[in-house]
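Analysis of the macromolecular model
Each chain, written out:
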Amino acid sequence: FHHARGLVEPISRQIKAGEVLVRRGQVVSDLEFETLEAYNLAEPSDQTEMLIKTGVIVLLAGLSIALFYRQSANGNLASFKASFLVAVTFLIFLGLARFLIIDRTVLPYLYPLAAYGITIAVVFSGKMGILMAFLLALLTVYGQGREVELLVFYTLPTLAGILTIGKAKRIVSFLVTGLVVSLVAMGVVTAYRFADSLTDLVGFTSLIASAGFNGLASATVALLLQQVFAQVLDIPTALQLLDIARPDHPLMQMILRNAPGSYQHSLLVSNLAEQAAEAIGADRMLVRVGTLFHDTGKAGNPQYFIENQVKDKIDAHDAVDPVLAAQTIIAHVTDGVALAKRYHLPSRVIDFIRE
């Protein structure tokens, strides 16, 4: 038997770059199946082992998220709505990747997976963005070809984007982040494909171009997605806070025209409060904007507040019943809340008026 086997000439097959191994609907021969196995493209008939591995990976991912939530069960993450939105968005990104993208040749390098991690980092925290981005990338590439390459391709650019964007205080922050993500993604492609014998010049160029597009697309999607998160969860983003803090904001203009003294008072308070917030590690921008609007209600009856009264003019309190005057002063809180809601200020900013 061994002698007879030794007389049989071995059959070798050379695969060229870009060659189609098996076409859709084609009956696979033993040689073609062996070729697929050589490139880790053939799945075993018994999927038990794969199912067990997948179950363990998913369980570990769930436990990691649960532990993170336990440590961060406060602030924006505390609500069911926030957790639900984070989970739904995660499943949408994962579902699109697993069922439409990951088994293609170029599409995985175009898919803006980094947008999810960047969005979570901007809306919630950088730590949460890094954790969720890594788990999303891991579950996306698990059990597919090029696992290590795609995991690095999705993880490193996302990490670089999260570290670059910070609190996203300017639109240009997203542009810079997109460029950084593109450069890191192109670096990963170069590291894995530049000297790869299976990737020709056309293929390498296509992957580099796809990686460059990926970064800009990720930043664009993140910019749009963080606005959706902010609106649904009523969480003021840095961009939104900067927008409503502009001197030409309609409510700010109303306060300036009706109660210029209260306006100047609010500017001084906001500067002091911002420095205090920075000293204790609070959200300095939220504190600054909140204190700018904290006396909004005084614009309705400015003459009852001393900072708006003109020297040597009749004091408004002298002409009314003291009880009515006191009620008018106290009402500047509820009046301010009503004005803030009319001008669609975020609830976190309205809290400064109440408190």
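These lines cover the structure that appears in this document, whether it is placed above or below. Computed from a predicted model, the values in this text were never measured in an experiment.

So, about empty space enclosed by the protein. Under the defined criterion, the tally for this structure stands at 1 cavity of 30 Å³ or more. The calculated volume of the largest cavity comes to roughly 60 Å³. Surrounding the largest cavity, Tyr111, Leu113, Ala114, Phe153, Tyr154, Pro157, Thr158, Val181, Ala185 and Asn214 form its lining. Sorting the residues of the lining of the largest cavity by element identifies helix H8 (147-165) and helix H9 (171-193) as the ones contributing at least two each. The greatest single-element share of the lining of the largest cavity, amounting to 4 residues, is contributed by H8. Across the lining of the largest cavity, the residue classes break down as 8 nonpolar, 2 polar and no charged.

Below, the discussion takes up helix H2 (residues 30-38). Quick reminder: α-helices carry 3.6 residues per turn. Residues three or four places apart thus point the same way. Along H2, the residues classified as buried are Glu32, Thr35 and Leu36. The arc that holds the buried residues of H2, viewed along the axis, is 100°, so those residues lie on one side. Residues of H2 that are exposed and point over 90 degrees away from its buried face: Asp30, Glu34 and Ala38.

On to unusual backbone geometry. Of note in this structure, Asp234 is not a glycine but carries a positive phi near 55°. Along the chain, the position of Asp234 falls in the loop between helix H10 (201-233) and helix H11 (238-244). Judged by relative accessible area, Asp234 falls into the partly exposed class, the value being 34%. For His344, which is not glycine, the phi torsion reads 60° and is therefore positive.

Turning our attention to a nonpolar patch on the surface. A cluster of nonpolar side chains, namely Phe80, Phe84, Val88, Ile92, Leu96, Phe99 and Leu100, defines an oily patch on the protein surface of about 770 Å² accessible area. Among the structural elements, Leu96 can be located in helix H4 (residues 80-101).

Here we come to the packing of helix H6 (residues 114-123) against H10. For the pair H6 and H10, the least separation of the axes is 8 Å and the interaxial angle reads 45°. The angle between H6 and H10 places the two elements in the oblique class. In terms of crossing hand, the pair formed by H6 and H10 is right-handed. On H10, the residues that touch Ala114, Ala115, Ile118, Thr119, Ile120, Val122 and Val123 of H6 are Ser218, Val221, Ala222, Leu225, Gln226 and Phe229. Residues belonging to the contact of H6 with H10 are distributed by class as follows: 10 nonpolar, 3 polar and no charged.

Turning our attention to the environment of Leu239. Structurally, Leu239 can be placed in helix H11. Relative accessible area serves as the criterion here: at 13%, Leu239 is assigned to the buried category. If we ignore the near neighbours within four places in the chain, the residues touching Leu239 are Ala168, Lys169, Arg170, Ile171, Phe174, Leu223, Gln226 and Gln227.

Thresholds, definitions, all that
- Residues numbered from 1 in each chain as written.
- Predicted model: local features only at pLDDT ≥ 70, side-chain atom pairs only at ≥ 80, totals over all residues.
- Heavy atoms only, no water.
- 1 Å grid on protein atoms, 1.4 Å probe; cavity = no way out; pocket = protein on both sides within 12 Å on 5 of 7 lines; lining within 4 Å.
- Points joined across faces, edges and corners; volume = space filled by probe spheres on them.
- Helix = DSSP H or I, 4+ residues; strand = E, 2+ residues; numbered from the N terminus.
- Nonpolar A, V, L, I, M, F, W, Y, C, P; charged D, E, K, R; others polar.
- Buried < 20%, exposed > 50% of the residue type's maximum accessible area, 1.4 Å probe, protein only.
- Arc of directions from axis to C-beta.
- Patch = residues over 30% accessible without salt bridge, like charges linked within 9 Å, V, L, I, M, F, W, Y side chains within 5 Å.
- Areas by Shrake-Rupley, 256 points an atom, 1.4 Å probe, with all protein chains shown as cover.
- Salt bridge = Lys/Arg side-chain N within 4 Å of Asp/Glu carboxyl O.
- Axes fitted to C-alpha atoms, helices over the stretch in contact; angles between N-to-C directions.
- Parallel < 35°, antiparallel > 145°, perpendicular 65-115°, else oblique.
- Left-handed = near helix turned anticlockwise from the far one by under 90°.
- Contact = heavy atoms within 4.5 Å.

Read these as layout, nothing more, since geometry by itself doesn't imply function.
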